[in-house]
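Geometric and topological summary
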Amino acid sequence: MKYQAPRGTNDMLPQDTANWQYLEDIAKEIFSTYNYQEIRTPIFEQTALFQRGIGEATDIVEKEMYTFEDKGDRSLTLRPEGTASVMRSFLENKIYGQAQPTKYYYMGPMFRYERPQSGRYRQFHQLGVEVLGTDDPAVDAEIIALGMQILERLELDDLEVRLNSVGCPDCRSQYRDKLLDYFKPYLDQLCSDCQDRYERNPLRILDCKEDRDKEFMSDVPKLYEELCNECEDHFAGVQEYLDLLDIDYILDATLVRGLDYYTKTAFEVIYKGLGAQDTVFGGGRYDGLAQEVGGRDIPGVGFAMGMERVLLTVEEQEIDLAIDDSIDLFITTIGEEAKKAAFSYLYQLRQANLKVEMDYLGRSVSGQMKHADRNNAEYSIILGGNELESGVATIKNMKTGDQEEVALDNLVNKMKEYVK
Ligand code: ATP
Ligand code: MG
């Protein structure tokens, strides 16, 4: 074979897309009950939006973006995440002029140039929410509840909610100095990335995958213990609302997220069974983002859920999603006349929203019956010269083997009765 799908991308074949659609349907139902509305933004944006909105010192901007120039010499980037685009759209369309808050959800592909491995791809899919225009801690708790509800509807277990507050620029700048002091004696024990981060963005040393299990990490000062009053109240509020819903969480001072614009709440939901890539969804508050990309002060909070990781968890936990891949009726035909008659019956049945099929490969009758089985037909019917002449055929229930005669004139009504 001469061509292959690009590294880090996946074909989703029908045996996969059934699960994807199931997840999407459940998510949409839950978004709707929480009163979130869908937003669809372009797959690519101006590169500068991501540089600004995600932050120059992040992994995404430093090394993971798919950036290209179009024929008009514009620098564009395939979106690596959803939040910056949603904020850009919110500002550009002046949605802030409407009654707030704005509660959006999105679903779709994201692109990052990463080393592909289980749960990490170059084209992957996220569903996510963004709530703009309020800094009420109740909303932080609401989106965690919403994300958890999606996973619970899929019957996933053993999920862990990890919660932190990364404060605001005020409390963070003091904390930053503390961190610098703390890490100074260990500088040569940090990985080379973190030695770099020490000057540029020391907070991010905390969630370094290489360093996080090193001994000196266990005594790192905790930012959530040193928050300013406002951030402390907010953090207490989030916890209170989570407690109200009986949602368990673990406080985790090392959870800082990769993105610079996060303020106050940061959270992650993990499933340890996924191995190295164990974060199913993560998010937090980004009250600084609107200022960064649009010069306006608009609070926001959101999460992004890795859809591949959700489905990997489904697989790992051996959950059988209740997917109905059956068809209602298969019409087996004998001869050209019968095929034509079947063709128009199928049309009538399909217009009545029934899921029906026939053979297009000139199979023998037994070959067609096998094909009906492969299609998981609930019912089957054989149409030949006799049936056309008498106007009566036999419908067979493929599960029970029960048979019933039906006037072909009445086939649509009969089938509707059967499958309702
Ligand atoms: P990580 O530390 O794993 O790189 P991240 O901080 O880059 O995660 P986010 O940007 O917060 O992740 O993305 C939110 C979610 O999207 C992740 O928790 C994960 O489920 C999913 N995700 C992120 N990157 C990928 C990827 N390359 N492939 C598949 N899923 C991904
Ligand atoms: Mg990443």
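Residues numbered from 1 in each chain as written. Chains lettered and ligands numbered in written order. Predicted model: local features only at pLDDT ≥ 70, side-chain atom pairs only at ≥ 80, totals over all residues. Heavy atoms only, no water.

By the naming in an unreviewed UniProt entry, the chain is Histidine--tRNA ligase, taken from Halobacteroides halobius. Its UniProt record gives the chain a comment under Sequence similarities (unreviewed entry), which states: "Belongs to the class-II aminoacyl-tRNA synthetase family." Quoted verbatim from the Catalytic activity (unreviewed entry) heading of the UniProt record, the comment on the chain is "tRNA(His) + L-histidine + ATP = L-histidyl-tRNA(His) + AMP + diphosphate + H(+)". (UniProt positions renumbered as here; feature names shortened; annotations may be inferred.)

Moving on to the sheet that holds strand 2 (residues 44-46). With respect to topology, three strands assemble into an open sheet ordered 2-4-3, the strand pairing being antiparallel. Each having just a single partner strand, strand 2 and strand 3 (67-69) make up the two edges of the open sheet. Pairs of neighbouring strands in the sheet enclose a mean axial angle of 35°, with direction left out of account. Judged from the three bridges that link them, strand 2 and strand 4 (residues 75-78) form a sheet pairing that is antiparallel. Within the sheet, the bridge partner assigned to E45 lies in strand 4 and is T77. Of the strands in this sheet, strand 2, strand 3 and strand 4 touch helix 2 (residues 47-54), which is tilted by about 80° from strand 2. (Pairing = 2+ DSSP bridges. Helix = DSSP H or I, 4+ residues; strand = E, 2+ residues; numbered from the N terminus. Axes fitted to C-alpha atoms, helices over the stretch in contact; angles between N-to-C directions. Contact = heavy atoms within 4.5 Å.)

On to the pairing of strand 11 (residues 300-306), then. For strand 11, a buried count of seven out of seven residues is recorded, marking the element as mostly surrounded by other parts of the structure. A two-sided burial pattern is seen for strand 11, the buried positions comprising G300, G302, A304 and G306 on one face and V301, F303 and M305 on the other. Two strands pair when backbone bridges link them, and strand 6 (residues 123-132) and strand 11 are joined in this way by seven bridges, in the antiparallel orientation. By the bridge assignment, G128 is partnered in strand 11 with A304. Strand direction decides the pairing type here: strand 10 (residues 279-285) and strand 11, joined by five bridges, are antiparallel. (Buried < 20%, exposed > 50% of the residue type's maximum accessible area, 1.4 Å probe, protein only.)

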